[in-house]
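Here is how the chains run, residue by residue.
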Amino acid sequence: MDDPKTLSKITLMINRAVSPGILAGLKEIGVHDICVAAARAPIIRERKSLFGMGTKEDLVDTPSDIIVFLVPQEVADPVLGHAIDAGELTIYGRGSAYSEDITVPAAHEIFQEPSPISVDLEKPDRGLRSLQKVCCIVQRGQGEAIAKVALYTGAGVPVIYYGNGTGVRDKMGLLRITIPAEKEIVVVGTTRHNCESVMDLMIDVGRLEQPGKGFIYTYLLKKGLADLQVSRGDRRHAATMEQIVAAIDQMRGDTVWRRWADAKDSAKRKQRGYLTGFVDLTLFCNAGKGAELVDAAMAAGASGATINTYRHICPPDSPMARIGLSREACSMVIPSELVPDIIEAVREAGAFTDQCFGQVQVRTIKKAFTYVP
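All figures in this text were calculated on a predicted structure; none of them were measured in a lab.

1. Looking at the overall build of the chain
Consideration 1: A count of helices and strands for the chain gives eight helices and 15 strands.
Consideration 2: By the burial criterion, 52% of the 373 residues in the chain qualify as buried.
Consideration 3: Counted over contacts in the chain with a minimum sequence separation of 6, partners at least 24 positions apart contribute 82%.
Consideration 4: Of the roughly 17100 Å² of accessible surface on the chain, a fraction of 52% belongs to carbon and sulfur atoms.

Structure, rendered in structure tokens:
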């Protein structure tokens, strides 16, 4: 295995109308290797019922983009702040921005020399600490029910995108007929104090203790700015509830005051068989290569993967232009000790050649849950 590099991964989950301004801002400072995935962000719409008697609520989707890229750790904070300013993400309803530390244990040589980034290192810090992300993978059509947990608890605005699952489904015999390969991935960033309660509610709503229903895990974020505008309706006050919450966060300097878990939540967690000691190994490669590389990883011990597609963006005169315009991200949740074996297996399958331009990114998972026989 190559010498692992520790980098900062920045993820922006934003309203699609905001994307052009942010991409232009990133290009301006020299971020030239970017992946963009299409997504949707459901929020609660409040509207007056018939004859003005009370209000009704339903969910509406906002077309969104997920933008991901890597930067050296020493510039992560100012780059995150630059992206927040470029998209005016401090205005709730425009999107969320997060940074996290990951390792890159193996990659094609094209990724060895990142482009220099020109950013003001003294740029004011726009992010909040003490955030954590929940990622829940369910059958297609079930994502909205999971997203409602984040919305109705006020945890934050979730984003839903699509992928294809492989591995676990293929091992379930006749039951696999009732389990579609198409998946919905629901992700939301929230406070670390409430993250586990959100996770537990998602397990209940998604019935994830049953075979084939899905998989959920959490991981730490270094910094982040979460979009708290979970609803949209007629404005009746000088400030929205989201703006009031943000103001209190800023005055207190933390989000602990928003904690709402109780003793009953803690008792439920003790009864659940959470998985620990796992990592999320994501292999980025050119489109069309993911399935065969996942097969190699499964032969080395991975239980399966979720594959989704990104659009690769870089300047036409950049060395990165050799990389395909369409990329696949193959996410595998595995025991940490399997990382070297899986990297060697995908290496032998050609992951780091000019046909694949593979790059492995590894993040540590805090806890996970799924059906275990």
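Now that the structure has been shown, the text picks up again.
2. Re the pairing of strand β14 (residues 359-364)
One face of the sheet, then the other: side chains in a regular strand alternate in exactly this way.
Consideration 1: Burial of β14 is extensive: five of the six residues sit out of reach of the surface.
Consideration 2: Bridging between strand β4 (residues 95-107) and β14 involves three bridges; their strand directions are antiparallel. If you follow Ala 106 over to β14, its bridge partner there is Val 360.
Consideration 3: Where strand β11 (residues 278-286) meets β14, six bridges bridge the pair, whose relative direction is antiparallel. Following the sheet pairing, Thr 282 is matched in β14 by Gln 361.

3. Quick notes on the nonpolar core
Consideration 1: Ranked by size, the top nonpolar core spans 34 residues in total, and within it Ile 66, Val 159, Val 187, Tyr 217 and Tyr 310 carry the most contacts.
Consideration 2: With sequence-adjacent residues up to four places away left out, Tyr 310 is seen in contact with Cys 35, Val 36, Ala 37, Ile 66, Val 68, Phe 284, Leu 325, Ser 326, Arg 327 and Ala 329.
Consideration 3: The next biggest cluster of nonpolar side chains, apart from the first, holds 24 residues, and it includes Ala 297, Ala 305, Ile 307 and Ala 351.

4. Examining the pairing of strand β6 (residues 159-166)
Consideration 1: Pairing geometry for β6 and strand β7 (residues 182-191), over six bridges, is antiparallel. Bridge pairing links Ile 160 to Val 186 in β7.
Consideration 2: Where β6 lies against strand β12 (residues 305-313), three bridges are found, and the strand directions are antiparallel. The residue of β12 that forms the bridge with Gly 165 is Thr 306.

5. Thoughts on helix α7 (residues 290-299)
Consideration 1: Buried within α7 are the following residues: Gly 290, Leu 293, Val 294, Ala 296 and Ala 297. One face of α7 carries all of its buried residues, which in axial projection span an arc of 155 degrees.

6. Regarding the environment of Gly 156
Consideration 1: Turning to its location among the elements, Gly 156 is positioned in the loop between α3 (143-152) and β6.
Consideration 2: Those residues within four positions of Gly 156 in sequence are excluded, and the remaining contacts are Ala 150, Leu 151, Val 188, Asp 227, Leu 228 and Val 230.

7. Overview of the packing of aromatic side chains
Consideration 1: Taken as a whole, this structure holds four aromatic pairs when the rule is applied.
Consideration 2: On the numbers, 5.7 Å between centres and 50 degrees between planes, the contact of Phe 284 with Tyr 310 is tilted. Placement of the pair is Phe 284 in strand β11 and Tyr 310 in strand β12, with a sequence separation of 26 residues.
Consideration 3: The exposure class assigned to Phe 284 is buried, which follows from its relative accessible area of 4%.

8. Section: the pattern of salt bridges
Consideration 1: The final tally for this structure, using the stated rule, is 13 salt bridges.
Consideration 2: In this structure, the salt-bridge partner of Glu 88 is Arg 94, at a minimum N-O distance of 3.7 Å.
Consideration 3: Since its relative accessible area comes to 43%, Glu 88 is described here as partly exposed.
Consideration 4: A salt bridge links Asp 204 to Arg 272; the nearest nitrogen and oxygen atoms lie 2.3 Å apart. One end of the pair, Asp 204, is in helix α4 (residues 192-206); the other, Arg 272, is in the loop between α6 (263-271) and β11, with 68 residues separating them in the sequence.
Consideration 5: Taking the relative accessible area as the measure of exposure, Asp 204 reaches 32% and is therefore partly exposed.
Consideration 6: Its relative accessible area of 17% is what places Arg 272 among the buried residues.
Consideration 7: Beyond isolated ion pairs, a larger network of salt bridges with shared partners links Arg 40, Asp 61 and Glu 184.

Here is what the cut-offs are and how they apply
Residues numbered from 1 in each chain as written. Predicted model: local features only at pLDDT ≥ 70, side-chain atom pairs only at ≥ 80, totals over all residues. Heavy atoms only, no water. Helix = DSSP H or I, 4+ residues; strand = E, 2+ residues; numbered from the N terminus. Buried < 20%, exposed > 50% of the residue type's maximum accessible area, 1.4 Å probe, protein only. Contact = heavy atoms within 4.5 Å. Areas by Shrake-Rupley, 256 points an atom, 1.4 Å probe, with all protein chains shown as cover. Pairing = 2+ DSSP bridges. Core = buried A, V, L, I, M, F, W, Y, C linked by side-chain atoms within 4.5 Å. Arc of directions from axis to C-beta. Phe/Tyr/Trp six-rings, centres within 6.5 Å; stacked < 30°, edge-to-face > 60°. Salt bridge = Lys/Arg side-chain N within 4 Å of Asp/Glu carboxyl O.

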